[in-house]
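Understanding the architecture of this molecule
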Amino acid sequence: MINYSEARARLVMDLVNEGFITSKAVERAMLTVPREEFLPSYLRLYAYEDYPLEVMYKQTISAPHMVAMMCELLNLRPGLKVLEVGTGTGYHAAVVAEVMERRGEVYTIEYYPGLALYAVQNLAKLGYLNVVRVFVGDGSRGLPQYAPFDRILVTAAAPKVPPKLLEQLSDDGIMVIPLEEGRIHQVLYVVTKEKGVVRMKPVIPVSFVRMRYTESGE
Ligand code: SAH
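About the cut-offs
Residues numbered from 1 in each chain as written. Predicted model: local features only at pLDDT ≥ 70, side-chain atom pairs only at ≥ 80, totals over all residues. Heavy atoms only, no water. Helix = DSSP H or I, 4+ residues; strand = E, 2+ residues; numbered from the N terminus. Rg over C-alpha atoms; globule rule 2.2 N^0.38 Å. Buried < 20%, exposed > 50% of the residue type's maximum accessible area, 1.4 Å probe, protein only. Areas by Shrake-Rupley, 256 points an atom, 1.4 Å probe, with all protein chains shown as cover. Lys, Arg positive; Asp, Glu negative; His and termini not counted. Charge placed at Lys NZ, Arg CZ, Asp CG, Glu CD. Contact = heavy atoms within 4.5 Å. Salt bridge = Lys/Arg side-chain N within 4 Å of Asp/Glu carboxyl O. Phe/Tyr/Trp six-rings, centres within 6.5 Å; stacked < 30°, edge-to-face > 60°. Near = heavy atom within 4 Å. Polar contact = N/O pair within 3.5 Å; in protein donor to acceptor, adjacent residues only side chain to side chain. Axes fitted to C-alpha atoms, helices over the stretch in contact; angles between N-to-C directions. Parallel < 35°, antiparallel > 145°, perpendicular 65-115°, else oblique. Left-handed = near helix turned anticlockwise from the far one by under 90°. Core = buried A, V, L, I, M, F, W, Y, C linked by side-chain atoms within 4.5 Å.

So, the overall build of the protein
Helix and strand counts for the protein stand at six helices and nine strands. In terms of overall size, the protein behaves like a compact globule, its C-alpha atoms giving a radius of gyration of 16 Å where 218 residues would be expected to give roughly 17 Å. Counting across all 218 residues of the protein, residues that qualify as buried make up 51%. Counting only carbon and sulfur atoms, one obtains 53% of the accessible surface of the protein, whose full area is about 10300 Å². Side chains of the protein carry 24 positive and 25 negative charges; the gap between the two charge centres is 3 Å.

Concerning the side chain of His92
Take His92: it is sitting in helix H4 (residues 91-99). Each residue touching His92, except ones within four places of it in the same chain, is listed here: Val67, Met70, Cys71, Glu84, Leu153 and Thr155.

Examining the pattern of salt bridges
Using the criterion set out here, one finds eight salt bridges in the structure. Arg8 serves as the salt-bridge partner of Glu36, at 3.1 Å between the closest nitrogen and oxygen. With Glu36 in the loop between helix H2 (24-32) and strand E1 (53-54) and Arg8 in helix H1 (residues 4-17), this residue pair connects regions lying 28 residues apart in the sequence. The buried category is assigned to Glu36, whose relative accessible area is 7%. A salt bridge links Glu27 to Lys24, with the shortest nitrogen-to-oxygen separation between them at 3.2 Å. Note that Glu27 and Lys24 are positioned in helix H2 at a spacing of three residues, about one turn of the helix. The class for Glu27 is partly exposed, based on a relative accessible area of 22%. Linked by salt bridges that have partners in common, Arg28, Glu98 and Arg102 make up one network.

Focus on the packing of aromatic side chains
Within this structure, the stated rule accounts for eight aromatic pairs. Their ring planes at 65 degrees and their centres at 5.7 Å tell us that Tyr107 and Phe149 sit as a pair that is edge-to-face. Of this pair, Tyr107 sits in strand E4 (residues 105-110) while Phe149 sits in strand E6 (residues 149-154), and the two are 42 residues apart along the sequence. According to the relative accessible area criterion, Tyr107 is buried, its value standing at 4%.

Structural notes on the site of the ligand
The local shell around the ligand holds 26 residues, among which Thr89, Glu110, Asp138, Gly139 and Arg212 are the closest. Contacts to the ligand include Gly137, whose backbone N or O atom sits 3.5 Å from a nitrogen atom. Side-chain polar atom of Asp138 to a nitrogen atom of the ligand: 2.9 Å apart, as the coordinates give it. When the ligand sits alone it has 590 Å² of accessible area, and the protein chains cover 99% of it.

Digging into unusual backbone geometry
Of note, the amide linkage connecting Ala147 to Pro148 takes the cis form, showing an omega dihedral of 5 degrees. Positionally, Pro148 belongs in the loop between strand E5 (132-136) and E6. One non-glycine residue with positive phi stands out, namely Asn75, at about 50 degrees. Relative to the assigned elements, Asn75 resides in the loop between helix H3 (64-74) and strand E3 (81-85). Notably, Arg102 is not glycine yet its phi reads approximately 60 degrees, a positive angle.

A few points about H4
Where burial is concerned, most of H4 is hidden: nine out of the nine residues are buried. The positive-phi residue at the C-terminal boundary of H4 is Glu101, with phi of around 55 degrees.

Things to note about the packing of H1 against H2
For any two helices packed against each other, one specifies the crossing angle of their axes together with the interaxial distance. Direction vectors running N to C along H1 and H2 enclose 155 degrees, while the axes themselves pass 9 Å from each other. Taken together, H1 and H2 sit at an angle that is classed as roughly antiparallel. In the crossing of H1 with H2, the sense of the turn from one axis to the other is right-handed. Facing Arg8, Ala9, Val12, Leu15 and Val16 of H1, the residues of H2 in contact are Glu27, Met30 and Leu31.

Considering the nonpolar core
By size, the foremost hydrophobic cluster in this structure holds 51 residues, and its most contacted members are Met30, Leu76, Tyr91, Val95, Val96, Val106 and Val132. Mapped by element, the contributors of at least two residues to this core are H1, H2, H3, H4, helix H5 (113-125), strand E7 (169-181) and strand E8 (185-194). When residues no more than four places from it in sequence are discounted, the contact partners of Tyr91 are Met30, Val33, Arg35, Phe38, Ile61 and Val67. With 22 residues, the next largest nonpolar core counts Leu83, Leu143, Ile177 and Val187 among its residues.

Just geometry here; none of it tells us what the structure is for.
Here is the structure:
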């Protein structure tokens, strides 16, 4: 039997030492959310290995260091309204909710209904559904009916920043998004909007599943 909480604590200590976790809020959240609960039973053994895992429909749960780093870049605090594109297992959405001390609103949208249902089940059993709302659809269009969002977290790589997402980012908002550069390379960007001025800062090369992206969504 694996002692999951010990394994989790060890991984979080590594992520602090490696510089991926820099705030107490993200450290606490990563120590709190049980990643094993977001995995099918045959993958639980690997819950606290720091790499992505393929879950279903060829989609992945991001590596823990990537989840931590993206949460740090989002500069989260209680009370914010956050949009996540690419719910997957629901793990990242739970970590975001936990960084905000479960006070705030997380809207997350998933393309595959089967994965969205899986995420809802995972989030429900851990009591996150009063903070996290799961939607099925094309997240490159965002969720206009709930916009604007203080933070937007994109967990699938897009060819460019989807214009609808930029529109739905509030002033002073922060978006974290992996963008494709050429056919193979992807770079994680922090996109900010201040008094209508958009700035894009490249952070690190990354490797995400591709976003389903519809130009007609513009
Ligand atoms: N955040 C997830 C990891 C997601 S992997 C987790 O913590 O587990 C990326 C997810 O984005 C996949 O589930 C994929 O199906 C979804 N996706 C890809 N394109 C999308 C789109 N246009 N709209 C919504 N979801 C999308």
